[in-house]
Amino acid sequence: MAIFHLLASRLRRLPPSCGPVRLIGVDGHAGSGKTTFAGRLAAALDGAPVLHLDDIATHEELFAWTERLLRDVIQPLGRGEVAHYRPYNWRARSFGPACALPPAPVVLVEGVGAGRRVLRPHLARLVWMELTHEEAWTRGRVRDGEEQHTFWAEWVEAERRHFAGDPSRPFADLLVRQGTMGYEVLPGPAGTSGPDQDLTDSDGSSAAS
C-alpha cells in the first residue's frame, strides 16, 4: 500500500529519539488493529523490529510493566545497545527465553499503553488507531473467542482505568483510521498539518489504497 511506503519514508527522516533509534509508538484500544498496522508498517520499513507490548505485560501486570520496559528495552536502546527481554507466554503464565531487539534506525512499539506518559519522551512519533473502544473491544472479543471471556471482562476494566489516568490519544502525532478501501493517516491532536504529518493527496483525499 502506498500509504505505508509514504509513512515509512517520513519516519526514516525523523531525528532519533532514543539513542540512535527512532522509536515509534502505535497505541489504541485492544482490538483496534495495532498489530496488523505495525506489521505492515514494519514491512514498508524493510523489516523494522516490532516490540509487542503483549510480550511485556502479564496477567499480574496488565499495565504495571513500565519499570521493566525501561530497564530491559528503552535504556539499552538509548545507549545504542541491543536490548533483551523475555516475552510473556499468556497460556503458560510464564516468561519465555530472552529475545534480542537491536537498535535499528526505526523500532516500532505497539500495544495498549505505547503512548503512556513515561514513554512519550522516548518516542519520535506516536500513532493512535482511531477506533472507538466499543468497536475495538467487540472485535477483540470475536478474535479471541469465548474461552477468553473472563479475561476480557478483567481487561476492559483495567484498560478503562489506564486511559482514564494516562490517556494517549491527546498526545498522538498521527491518527490512523481503517476503512474498507485501506488506511487513512491524519494529523493527531499533538500534531500540526505539515510535510511530516499530513499524508493526504493533493486533492485533499487520504492517501489510502
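Residues numbered from 1 in each chain as written. Predicted model: local features only at pLDDT ≥ 70, side-chain atom pairs only at ≥ 80, totals over all residues. Heavy atoms only, no water.

On to the packing of aromatic side chains. Applying the stated criterion to the full structure yields nine aromatic pairs. Aromatic pair F4 and Y183: ring centres 5.3 Å apart, planes at 75°, arrangement edge-to-face. Here F4 is found in helix α1 (residues 2-12), whereas its partner Y183 is found in strand β10 (residues 182-187), with 179 residues between them in sequence. You can call F4 buried: its relative accessible area is 3%. (Phe/Tyr/Trp six-rings, centres within 6.5 Å; stacked < 30°, edge-to-face > 60°. Helix = DSSP H or I, 4+ residues; strand = E, 2+ residues; numbered from the N terminus. Buried < 20%, exposed > 50% of the residue type's maximum accessible area, 1.4 Å probe, protein only.)

Next up on the list: α1. For α1, the complete set of buried residues consists of I3, F4, L7, A8, R10 and L11. The arc enclosing the buried residues of α1, seen along the axis, measures out at 160°, which places them on a common side. Exposed and oriented more than 90 degrees from the buried face of α1 are A2 and H5. Turning to α1, the residues buried within the fold contact β1 (22-27), α2 (34-44), β7 (106-110), β8 (125-129), β9 (174-179) and β10. (Arc of directions from axis to C-beta. Contact = heavy atoms within 4.5 Å.)

A few words on the packing of α1 against α2. Between α1 and α2, whose axes approach to 9 Å, the crossing angle comes to 70°. Classified by the angle their axes make, α1 and α2 are roughly perpendicular. α1 and α2 meet at a crossing whose hand is right-handed. From α1, F4, H5, L7, A8, L11 and R12 reach across to α2, where they touch F37, R40, L41 and A44. When the residues that make up the contact of α1 with α2 are grouped by side-chain class, the tally is seven nonpolar, one polar and two charged. (Axes fitted to C-alpha atoms, helices over the stretch in contact; angles between N-to-C directions. Parallel < 35°, antiparallel > 145°, perpendicular 65-115°, else oblique. Left-handed = near helix turned anticlockwise from the far one by under 90°. Nonpolar A, V, L, I, M, F, W, Y, C, P; charged D, E, K, R; others polar.)

A word on the confidence of the model for the protein. Across the protein, pLDDT averages 89, with 89% of residues at or above 70. This model gives residues 193-198 a pLDDT under 50, and the stretch forms 15 contacts once residues within four places in sequence are excluded. For the stretch residues 200-209, pLDDT sits under 50, and the model shows 21 contacts to residues farther than four places along the chain or on other chains. (pLDDT = per-residue confidence, 0-100.)

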